[in-house]
Amino acid sequence: MKTYKTCDIRNLTVIGGSGSGKTTLCESMLFEGGVINRRGSINQENTVSDHTTVEHEYRNSVFSSVLYTEYNDRKLNIIDAPGMDDFVGNVIPALRVAATGIMVINATEGIEVGTEIANRQAKNFNTPLIFAINHLDKPEVHWDTLITELNSAQQNHIALIQYPLETGENFHQVIDVLKMKMYQWGPDGGIPEAIDIPEEELERANELHNELVEKAAENDEALMELFFEKGSLSEDEMREGIKKGMLSRELYPLFCICAEKDMGIRRLMEFICNVAPSPNELKPKETIDGQKVIVDENAKTSLFFFKTSVEPHVGEINYFKVNSGTLREGDELLNTTTENKEKISQIFVSAGKNRTRVTELHAGDIGATVKLKETKTDHTLCDKSENYKFRNLRFPKPRYTTALRAVNESDDERVAEILQRLSQEDPTWQIEYAKELKQLLVHGQGEYHINTLKWYFDHIYKVDITLERPRISYRETITKPAMASHRHKKQSGGAGQFGEVHLIIEPYIEGQAPRNSFKFGEKELKLNVRNTEEHELKWGGKLVFCNCIVGGVIDARFLPAILKGIMEKMEEGPLTGSYARDIIVYIYDGKMHPVDSNEISFKIAGRTAFSQAFREAAPKILEPVYDIQVFVPGDRMGDVMSDLQGRRAMILGMESNGNYEVIKAQIPLKETYKYSTALSSLTNGRAMFNMEFSMYEKMQADVQKKILEEYQELEMA
Ligand SMILES: Nc1nc2c(ncn2[C@@H]2O[C@H](COP(=O)(O)OP(=O)(O)O)[C@@H](O)[C@H]2O)c(=O)[nH]1
Ligand SMILES: [Mg+2]
């Protein structure tokens, strides 16, 4: 394979909704570039891109695939990104290395939630986009509506390069208003015939051509002047203008394709070769300390790693982009995260699972290597005389959690090791051992996402695991004051034990000062608060401990023991054994024994009195409540709303946003289990959501009753 210069490289990532045809498009591009000599199909499970068995089983891209093709003496590196929101962890690194995004639109669906997600991410990375309208052979295409919709989503910056003469079964001709030709395909697609635009289309084609010329000129003053002077622009001048518009995201060229029948693919690739920016035409990346790393093959070498995959028999494969310089086999580079050296002993270019060995790669190119010691996704390797450090990639917070357990305890260690590996492959899998819940938790982006993890255990590693419902970390607190006392006394045998504690507890409210008197029924108690300790609790909330002892009835040296006893109970609330929080304790009376009193006795007395008071202080379970945002296609709003209400969610607001609505609500964590799946089935996978911890809130009485019953059953068992 030949070595490509920076200016002959085009880095693309194919993005868009699930099922829009991204993987099929990639397959056609590889076929047209001669990298494969037969087009595989999703239905026959033989595409280059979706080559893992999990992808075959799910009929969907799970990982990003790194591919390349060669066309018109250019090398096109293509990353086929998964479309489902669950696999966003693979899209973000792809956008970090691509210069252009190809946004594939299913013409029968228009803008889907998946389109919207991809669009947002492309915006975050400032990625120029080309729109490829696919599925044009389907009968349900409404071209004009689609274009209006896209234009409104892209601030009227869509630049129509092509439009179809007919959609549906007869789709086989497009009018190209940049070339001012009509392309026409036979039933097998491939190489089109370029013919004159038919008479009856000329008016529309000319009008669109002029619009395109104007859009191209808008992005460059010199071009604008030229345009006013000549009233038109040459094809080269238009290319220049279009490229500038793409780079500033003020212009999104739009093409017509039918990926399934290989129509429109060659023209799209030709455009990419001629117009899409090469890696050195993007703004150079800046290191944390402001150093610009210029994409130049003669500069110092540096590599950015954007993907790690683990393949059976091969082990870890690390994919990188050459940020700068030229990488040669045998180069020894510095890992700027670990500060250790790595040797690049082999370089590959990859097309899915097919890898071709090469001896060097130039700035901007994308390749893979193996046998690295500790280089992972998001690391940079560079020439030993430099130390480029870049800001880390930012991944979305997890939205779905499940507990995971090895069926055989003896597999525990192996499970931990596998999880560690998998989370390197996809950084949106996060593993946590929750001490409080005594469960191993896996956080991810959705149930689908977590299921692929299970799939790995079942099929690749063959270790039995089960996924379980995660326990919920409740909190307990009290809602009214209560008093209690306890005398701990033991006088059998050797040394005796004696301690007596009288205390009052009341709910703590932020900023509240201790009180001097309490009334319980007829009885009024005056307190003399001598000192107050505020304890911030590790698990959130506070315990305020007030010493109100008068006349030395309890020695000051026993107070820490009383506090310790109370803390023990705070760690294991009397209702469900969850942590307690937000309580003020007043120790106001007690008794000592001249010989038998010791710390242990006061600890026990304090603990028991506290526990007793807690039960009488109208205790409540607090449950974690999350802020949730749900993005719903307008036509499913009602269903999603009533489902949310059934989950005890409190709706805070709604916002209309083009084709979909955004619902903002607060929802108890308990009710979000499997929410991603429910939402997906309510909307045919067209919705998405994100959620974030908000606060602990008192549980409704009826729900609390149920939880307590469940808990008691558990206790009995
Ligand atoms: N009719 C038709 N089907 C298509 C076209 N492109 C892709 N498909 C089919 O749509 C399904 C989803 O395609 P795929 O490439 O997996 O979509 P992805 O999820 O975006 O990667 C597959 O069954 C393809 O065969 C097209 O242009 N026309
Ligand atoms: Mg796919």
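Look above for the structure.
## Digging into the pattern of salt bridges
Turning to step 1, where the next piece is worked out: Tallied over the full model, the rule gives 44 salt bridges.
Turning to step 2, where the next piece is worked out: Between Asp-137 and Lys-261 there is a salt bridge, with its nearest N and O atoms 3.9 Å apart. Pair noted here: Asp-137 is in the loop between β5 (129-134) and α5 (143-153) and Lys-261 is in the loop between β11 (252-256) and α9 (265-274), with a separation of 124 residues, a long-range link.
Turning to step 3, where the next piece is worked out: One continuous salt-bridge network, built from bridges that share partners, spans Asp-176, Lys-179, Glu-235, Asp-236, Arg-239, Arg-267 and Glu-270.

## Comments concerning the packing of aromatic side chains
Turning to step 1, where the next piece is worked out: Counted according to the given criterion, the structure contains 17 aromatic pairs.
Turning to step 2, where the next piece is worked out: A centroid spacing of 5.2 Å and a plane angle of 80° characterise the contact between Tyr-675 and Phe-689, whose relative ring orientation is edge-to-face. Taken together, the residues span a long stretch of sequence, with Tyr-675 in helix α15 (residues 675-683) and Phe-689 in strand β40 (residues 688-698) at a distance of 14 residues.
Turning to step 3, where the next piece is worked out: Within the aromatic cluster, the residues linked to one another by ring pairs are Phe-63, Trp-455 and Tyr-456.
Turning to step 4, where the next piece is worked out: A cation over a ring is seen here: Arg-96 above Phe-390, with NZ or CZ 5.5 Å from the ring centre.

## Let's talk about the site of ligand 1
Turning to step 1, where the next piece is worked out: Around ligand 1, the structure places 18 residues, and the nearest of them are Gly-19, Lys-22, Thr-24, Asn-134 and Glu-260.
Turning to step 2, where the next piece is worked out: Contact between ligand 1 and Thr-24: an oxygen atom at 2.5 Å from a side-chain N or O atom of the residue.
Turning to step 3, where the next piece is worked out: A distance of 3.3 Å separates an oxygen atom of ligand 1 from a polar backbone atom of Ala-259.
Turning to step 4, where the next piece is worked out: Relative to its free-state accessible area of 580 Å², ligand 1 is covered by the protein chains to the extent of 86%.
Turning to step 5, where the next piece is worked out: If one sorts the elements of the shell around ligand 1 by residue count, helix α1 (residues 22-32) sits on top with 3 residues.
Turning to step 6, where the next piece is worked out: Partitioning the shell around ligand 1 into residue classes produces 3 nonpolar, 11 polar and 4 charged.

Cut-offs used in this document
- Residues numbered from 1 in each chain as written.
- Chains lettered and ligands numbered in written order.
- Predicted model: local features only at pLDDT ≥ 70, side-chain atom pairs only at ≥ 80, totals over all residues.
- Heavy atoms only, no water.
- Salt bridge = Lys/Arg side-chain N within 4 Å of Asp/Glu carboxyl O.
- Helix = DSSP H or I, 4+ residues; strand = E, 2+ residues; numbered from the N terminus.
- Phe/Tyr/Trp six-rings, centres within 6.5 Å; stacked < 30°, edge-to-face > 60°.
- Lys NZ or Arg CZ within 6 Å of the ring centre and 35° of its normal.
- Near = heavy atom within 4 Å.
- Polar contact = N/O pair within 3.5 Å; in protein donor to acceptor, adjacent residues only side chain to side chain.
- Areas by Shrake-Rupley, 256 points an atom, 1.4 Å probe, with all protein chains shown as cover.
- Nonpolar A, V, L, I, M, F, W, Y, C, P; charged D, E, K, R; others polar.

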